[in-house]
Amino acid sequence: MRNVLAMTTLLTVVGSAAMGQTHGDEQAEAPLRVHGGRLVVQVKTSSGNELDFLLSTGTPMTVFSESGAARAGDLTKLTLGGIPVPSEESQTIPDEDLRVAGKVLDGIIGSNTLSQFNALIDVPGGRLLLKPTGRSVSWDGVHLSEPIRLMVYHGVVLGLEVVFGNNKYNAALDLALPTLVVNERVKTDMHIEAEDVGTLRLGSTTLSDLPVRVRDNENLRRWSPNGDGFVMVGAPIAYDCAISISFLHREMRTCIR
């Protein structure tokens with residue numbers, strides 16, 4: 001997964017391909033599950049075969065593993081819950097870079113797809129819902145928090161503020177990550193080990209016992225060139241807590257605790 005993580009939030013962002021549209025309040029639904037700590041959604045080929053794609057809010061484009069591209073056949077005919085998956089500016093990477101818990105995933109659904117819709121990432125319900133953006137974000141039968149403000153960079157990269165432990169930090173939302181990732185400044189502030197657990201507050205919602213990894217890599221240094229504390233927020237915030245993301249409305253909502 002190292003190349004996948006290297007290409008996440010800080011890649012030069014490409015233009016989004018035109019997406020197929022749903023109408024009115026119609027919403028698309030695709031199966032969603034956790035595999036190896038990561039969020040995996042089901043994509044279908046034109047012949048109805050099912051492919052497993054990593055769900056990422058930090059990768060700007062659609063990505064295929066080499067074997068996934070071969071299994072997909074016509075890359076222009078793939079659908080996610082009936083919605084066409086943009087493939088015009090996709091990238092193909094070696095299988096080993098998409099191997100998760102012994103399984104090679106077929107590809108990555110990136111922000112060029114998710115940014116076109118309001119998205120409900122509902123791991124407890126086993127589903128990803130996508131629906132047209134409207135004047136407000138709402139989901140029938142799902143009770144979520146008040147909006148948490150997102151900063152949207154280049155149309156596809158998501159930033160936010162979080163409270164980790166008792167300290168406020170700038171952060172990026174990258175659901176391709178299987179943990180929270182923090183830099184050395186956060187490690188020093190919080191007296192944490194290289195691999196630990198922590199408590200994160202998103203707006204009014206507090207999430208406890210989240211796995212944390214300390215890293216000092218190029219991505220984190222670019223987000224925080226002066227060495228200020230920075231947090232990459234990964235998939236564990238969604239394991240047992242449905243979250244809603246809207247690029248257009250620049251907001252995230254979480255379950256209420």
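What counts and how
- Residues numbered from 1 in each chain as written.
- Predicted model: local features only at pLDDT ≥ 70, side-chain atom pairs only at ≥ 80, totals over all residues.
- Heavy atoms only, no water.
- Helix = DSSP H or I, 4+ residues; strand = E, 2+ residues; numbered from the N terminus.
- Rg over C-alpha atoms; globule rule 2.2 N^0.38 Å.
- Buried < 20%, exposed > 50% of the residue type's maximum accessible area, 1.4 Å probe, protein only.
- Pairing = 2+ DSSP bridges.
- Phe/Tyr/Trp six-rings, centres within 6.5 Å; stacked < 30°, edge-to-face > 60°.
- Salt bridge = Lys/Arg side-chain N within 4 Å of Asp/Glu carboxyl O.
- Disulfide = S-S within 2.5 Å.
- Contact = heavy atoms within 4.5 Å.
- pLDDT = per-residue confidence, 0-100.
- Core = buried A, V, L, I, M, F, W, Y, C linked by side-chain atoms within 4.5 Å.

1. Things to note about the overall build of the protein chain
At step 1: Check the secondary structure of the protein chain and you find five helices and 22 strands.
At step 2: For a compact globule of 257 residues, the expected C-alpha radius of gyration is about 18 Å, and the protein chain comes in at 17 Å, within 12% of that figure.
At step 3: With the C-alpha coordinates aligned to their principal axes, the bounding extent of the protein chain is approximately 55 × 40 × 30 Å.
At step 4: Taken over 257 residues, the protein chain has a buried fraction of 54%.

2. Description of the pairing of strand S18 (residues 195-202)
At step 1: Where strand S15 (residues 157-164) meets S18, two bridges bridge the pair, whose relative direction is antiparallel. Across the sheet, the residue bridging to Phe164 is Leu200, located in S18.
At step 2: Across seven bridges, S18 lies against strand S19 (residues 205-214) in antiparallel orientation. Following the sheet pairing, Val197 is matched in S19 by Pro211.

3. Focus on the pairing of strand S1 (residues 28-35)
At step 1: Across four bridges, the pairing between S1 and strand S12 (residues 127-131) is antiparallel. Residue pairing for S12: Glu29 is matched across the bridge by Leu129.
At step 2: Bridge analysis of S1 against strand S2 (residues 38-44) gives four bridges, and the strand direction is antiparallel. By the bridge assignment for S2, His35 is matched with Arg38.
At step 3: Hairpin geometry of S1 and S2 is characterised by an intervening segment of two residues between the two adjacent antiparallel strands and by a positive phi of about 60° at Gly36.

4. Digging into the packing of aromatic side chains
Two aromatic rings, taken as a pair, are described by how far apart their centres are and by the angle between their planes.
At step 1: Inspection of the entire model under this criterion finds three aromatic pairs.
At step 2: When the ring of Trp223 is compared with that of Phe230, the centres are 5.1 Å apart and the planes differ by 15°; the resulting orientation is stacked. The burial state of Trp223 is the same as that of Phe230; both residues are buried.
At step 3: Each residue in the set Tyr153, Trp223 and Phe230 is aromatic and connected to the rest through ring pairs, giving one cluster.

5. Observations regarding the pattern of salt bridges
At step 1: A full pass over the atoms with the stated rule returns 10 salt bridges.
At step 2: Between Arg71 and Asp106 there is a salt bridge, with the nearest N and O atoms lying 2.5 Å from each other. Here Arg71, found in helix H2 (residues 66-72), pairs with Asp106, found in the loop between strand S9 (103-104) and strand S10 (107-109); they are 35 residues apart in sequence, far enough to count as distant.
At step 3: Here Glu251 ties to Arg253 by a salt bridge, and the two come within 2.5 Å at their closest N and O atoms.
At step 4: Glu251 sits in the buried class, given a relative accessible area of 9%.
At step 5: Residues joined by salt bridges that share partners form a network here, namely Arg33, Asp52 and Lys103.

6. Concerning the state of the cysteines
At step 1: Considering all chains together, one arrives at one disulfide under this definition.
At step 2: Paired by a disulfide, Cys241 and Cys255 hold their sulfur atoms 1.9 Å apart. Between Cys241 and Cys255 the disulfide shows an S-S torsion of about -120°. By sign, it is left-handed. One end of the pair, Cys241, is in the loop between strand S20 (230-233) and strand S21 (243-246); the other, Cys255, is in the segment after strand S22 (251-253), with 14 residues separating them in the sequence. Each member of the pair, Cys241 as well as Cys255, carries the same accessibility label: buried.

7. What to know about the side chain of Arg253
At step 1: Considering the arrangement of structural elements, one finds Arg253 in strand S22.
At step 2: Setting aside residues up to four positions removed in sequence, Arg253 forms contacts with Val137, Leu144, Ser145, Glu146, Pro147, Ala242, Ile243 and Ser244.

8. Observations concerning the confidence of the model for the protein chain
Detailed reading of the predicted coordinates is not advisable wherever pLDDT is low.
At step 1: For the protein chain, per-residue confidence averages 90 on the pLDDT scale, and residues scoring 70 or more make up 90% of the total.
At step 2: Below pLDDT 50 for its whole length, residues 3-24 participates in 57 contacts with residues either more than four positions away or in separate chains.

9. Considering the nonpolar core
At step 1: Ile121, Ile237, Ile245 and Met252 are the most contacted members of the largest nonpolar core, which has 56 residues in total.
At step 2: With residues up to four places along the chain from it excluded, the contact list for Met252 reads Glu146, Pro147, Ile148, Leu150, Leu160, Leu173, Leu202, Ile237, Ile243, Ser244 and Ile245.
At step 3: With 10 residues, the next largest nonpolar core counts Val63, Leu98, Val100 and Ile108 among its residues.

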